[in-house]
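The residues making up each chain are set out below.
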Amino acid sequence: INGGGIFSPCLGDSTEGLSCADNCSAENYIKAIEVEAGKTYRLRIIAGTELVGVNFAIQGHNMTVVEVEGTVVEPYEVQNLDIMPAQRYSVLVKADQEPGNYWGTTAVRYRSTAPTGYINIKYKDAPEANLNLDGDLPSHPAWDVTQPSIDLENNLFTKTPSSFDDADVLSAAPDSIRRIIVVGTQANDKVLGQLRWTANNVTMTMSNAPIIVSAYDAAAADGAALWPDTKIPGTVVVPDRPPTTWNYTEPVQDSVGTYNGDRGPSYIALTEGEVVEIVLQNARALNEVAEMHSWHLHGHSFYVVGHGFGTFDDETDPASYNLENPVRRDTASVLPLGWTAIRFKANNPGAWAFHCTQPSHAVMGMGFNFITAPDKLEPPPPAARSCLENSLVPGTKTETESENMPAEKSSALVPRFKAAAVAVTVLVGLSLLG
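Below is a summary of the structure that appears in this document. Here the structure is a predicted model, which means the values were calculated and not measured.

Glancing now at empty space enclosed by the protein. All told, the structure shown has four cavities of 30 Å³ or more when counted by the stated rule. Roughly 100 Å³ of volume is contained in the largest cavity. Lining the largest cavity, in full, are Ser 149, Glu 153, His 307, Gly 308, Phe 309, Ser 333, Leu 335, Gly 338, Trp 339 and Thr 340. Elements with a contribution of two residues or more to the lining of the largest cavity: α2 (147-153), β18 (302-309) and β21 (338-345). Of the pockets and cavities examined, the second largest cavity occupies roughly 70 Å³. Forming the boundary of the second largest cavity are ten residues, of which Val 35, Tyr 41, Leu 43, Val 93 and Ile 121 lie nearest the centre. Contributing elements (two or more residues each) for the lining of the second largest cavity: β1 (32-35), β2 (40-47) and β7 (88-94).

Turning our eyes to something else, we now look at the sheet that holds strand β9 (residues 117-123). The five strands lie next to each other as β1-β9-β8-β3-β6, forming an open sheet whose pairing is mixed. Each edge of the sheet is formed by a strand with only one pairing partner; in this case those strands are β1 and β6 (80-83). Between one strand and the next, the sheet's axes are offset by a mean angle of 20°, whatever the strand orientation. For strand β3 (residues 53-58) and β6, the ladder comprises four bridges, and the chain directions are antiparallel. Note that in β6 the partner of Ala 57 across the bridge is Asn 80.

Counting residues in each nonpolar core, the largest one holds 60 residues, and the members touching the most others are Val 65, Leu 81, Ile 278, Trp 295, Phe 354, Phe 368 and Phe 370. In terms of residue count, β2 provides more of this core than any other element does, four residues in total. If near-sequence neighbours (up to four positions away) are discounted, Val 65 is found in contact with Val 73, Glu 74, Pro 75, Tyr 76, Val 78, Leu 81, Tyr 89, Ser 90, Val 91 and Leu 156. Counting 19 residues, the second largest nonpolar core, distinct from the first, contains Ile 177, Val 275, Tyr 303 and Val 305.

Examined against the element boundaries, Glu 67 turns out to sit in strand β4 (residues 63-68). A polar side-chain atom of Glu 67 sits 3.2 Å from the main-chain amide nitrogen of Glu 69. A distance of 2.5 Å separates the side chain of Glu 67 from the backbone nitrogen of Gly 70, its partner in a polar contact.

Looking now at the sheet that holds strand β15 (residues 266-270). Read across the sheet, six strands follow the order β13-β15-β23-β22-β17-β20 without closing on themselves; strand pairing throughout is mixed. Of all the strands in the sheet, the pair left with one neighbour each is β13 (236-237) and β20 (331-334). Relative to β15, β13 runs parallel, the two sharing two bridges. The partner of Val 236 across the bridge, within β15, is Ser 266.

This part is about the packing of aromatic side chains. What the rule picks out here adds up to nine aromatic pairs. The structure contains a cluster of three or more aromatic residues connected by ring pairs, namely Trp 295, Phe 344, Phe 354, Phe 368 and Phe 370. The side chain of Arg 109 reaches across the aromatic face of Tyr 110, ending 4.7 Å from its centre. Here Lys 190 stacks its cationic end above the ring of Tyr 259, 4.6 Å away from the centre of that ring.

On to the layout of surface pockets, then. Considered as a void within the structure, the second largest pocket measures approximately 240 Å³ in volume. As for the second largest pocket, its lining consists of 18 residues, of which Met 204, Met 206, Ile 211, Ala 353 and Asn 369 are closest to the centre. Every element with two or more residues in the lining of the second largest pocket is listed here: α3 (211-220), β22 (350-356), α4 (359-363) and β23 (367-372). Counting residues per element, the lining of the second largest pocket draws most heavily on β22, which supplies five residues. Considering only residue class, the lining of the second largest pocket consists of 14 nonpolar, four polar and no charged.

It is worth spelling out the pattern of salt bridges at this point. What the rule picks out here adds up to 19 salt bridges. In this structure, Asp 330 and Arg 88 form a salt bridge, with 2.8 Å as the shortest nitrogen-oxygen distance. One end of the pair, Asp 330, is in the loop between β19 (328-329) and β20; the other, Arg 88, is in strand β7, with 242 residues separating them in the sequence. One salt bridge in this structure joins Asp 314 and Arg 179, with 2.9 Å as the shortest N-O distance. Placement of Asp 314 in the loop between β18 and β19 and of Arg 179 in strand β10 (residues 177-189) is noted, with a sequence separation of 135 residues between them. Among the residues examined, Asp 314 registers a relative accessible area of 27% and is labelled partly exposed. Here the salt bridges do not stand alone but share partners, grouping Arg 179, Arg 241, Glu 277, Asp 314 and Arg 343 into one network.

Along the chain, the position of Glu 291 falls in the loop between β16 (275-282) and β17 (293-297). Once the C-alpha coordinates of Glu 291 and Leu 335 are considered, the two residues, 44 residues apart in sequence, prove to be 7.2 Å apart. Contacts of Glu 291, omitting those with residues within four sequence positions, involve Arg 111, Trp 197, Asn 282, Ala 285, Val 334, Leu 335, Pro 336, Gln 358 and His 361. Among the polar contacts listed, one links the side chain of Glu 291 to the side chain of His 361, at a separation of 3.2 Å.

Let us look at the environment of Pro 359. Residue placement: Pro 359 occurs in helix α4. Sequence separation between Pro 359 and Glu 50 is 309 residues; the distance between their C-alpha atoms is 6.3 Å.

Take unusual backbone geometry next. Pro 228 follows Trp 227 through a cis peptide bond whose omega is 15°. Positioned with a positive phi, Asn 2 is a non-glycine residue whose angle comes to about 55°. Within the secondary structure, Asn 2 sits in the segment before α1 (26-29). Within the chain, Glu 69 stands out as a residue other than glycine whose phi angle is a positive 50°. Counting through the fold element by element, Glu 69 comes out in the loop between β4 and β5 (71-78).

What counts and what doesn't
Residues numbered from 1 in each chain as written. Predicted model: local features only at pLDDT ≥ 70, side-chain atom pairs only at ≥ 80, totals over all residues. Heavy atoms only, no water. 1 Å grid on protein atoms, 1.4 Å probe; cavity = no way out; pocket = protein on both sides within 12 Å on 5 of 7 lines; lining within 4 Å. Points joined across faces, edges and corners; volume = space filled by probe spheres on them. Helix = DSSP H or I, 4+ residues; strand = E, 2+ residues; numbered from the N terminus. Pairing = 2+ DSSP bridges. Axes fitted to C-alpha atoms, helices over the stretch in contact; angles between N-to-C directions. Core = buried A, V, L, I, M, F, W, Y, C linked by side-chain atoms within 4.5 Å. Buried < 20%, exposed > 50% of the residue type's maximum accessible area, 1.4 Å probe, protein only. Contact = heavy atoms within 4.5 Å. Polar contact = N/O pair within 3.5 Å; in protein donor to acceptor, adjacent residues only side chain to side chain. Phe/Tyr/Trp six-rings, centres within 6.5 Å; stacked < 30°, edge-to-face > 60°. Lys NZ or Arg CZ within 6 Å of the ring centre and 35° of its normal. Nonpolar A, V, L, I, M, F, W, Y, C, P; charged D, E, K, R; others polar. Salt bridge = Lys/Arg side-chain N within 4 Å of Asp/Glu carboxyl O.

Okay, structure coming up:
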């Protein structure tokens, strides 16, 4: 947490044959936030995690959620807080305990194992902390129990929805809403020979040129069809519904198959001003495990109008929506074997990525772009094309130049990628309220 941590065996009597540093003081490893007794503090908590969600709690202190990703919400008191990858919360914490050292900890959510995170909420003039971690540490839910996540989602309410100029999406007539159901699944890719993720059976890949440039060029080309009927060369359109449906709580059936349908820079075309509802439908991976996913939309905030478990039902499930004061945010979680419905207005012309916030899932293809009114964009600046025009990608004008470079210089310019371990980073900011 905040860059500090401690190797777990160093906290116990046995190091399991491994050595720990001589100076195992808490202050040498674990970051501290100093507080004064009787004052209230706002903690801004960010989950910079990779494949896991985390649950955050502070020894001896409750927290009151007051803000979610830029939206002030009705206060909601919690003993611990679920935070999925890329989500951000503000909580109020009152320093109402006897002066001392109180441990804030994180535990893994929706993966069976991950290290515990530690931070010290240190009262002013408290003695130096040690790694004995005195007292009972905060309690956290088991990694696979969904109820705490559900309770949180059920109690996040935008404080004043009318203060947002897009709040009219909550009262839009049903026949004016474009509902898109996105089923996120794993799939094998015959062309790439690799395991991939898909959205409605399309695997997103990255283009050499920024997709916003391609969209602008296509819309501005002579004889181009009017948007949203413009064709963007070299891209794949994601359908509004999955091409094949099944019971998403069950493994992929033989009739559906385990291969993706297409791959490429992918998008869904939106008309400026339309009301868009996305139902994010979770499904089992090919190993039959149901994972948690967290989806982030660039360029917009959206309202989380509903969530549930099982296969989303177009006819009955919308009746459970909260259309009065749902939380407005930009990153929504989809629990294992569940679905989440979000609603937003396409009021920002451009190309906006929408993707799983778990980086390995995103680079394996779990995402696409929403493209809105590229015909209304200003011409992109020259720098938007510079990477393509000056790259080492085969087929560009610089390929021959790279062949003439010394080997050590040429290799230094070629990106190299290595597999990364699971990263768990939680950032906690602090401000004094009084």
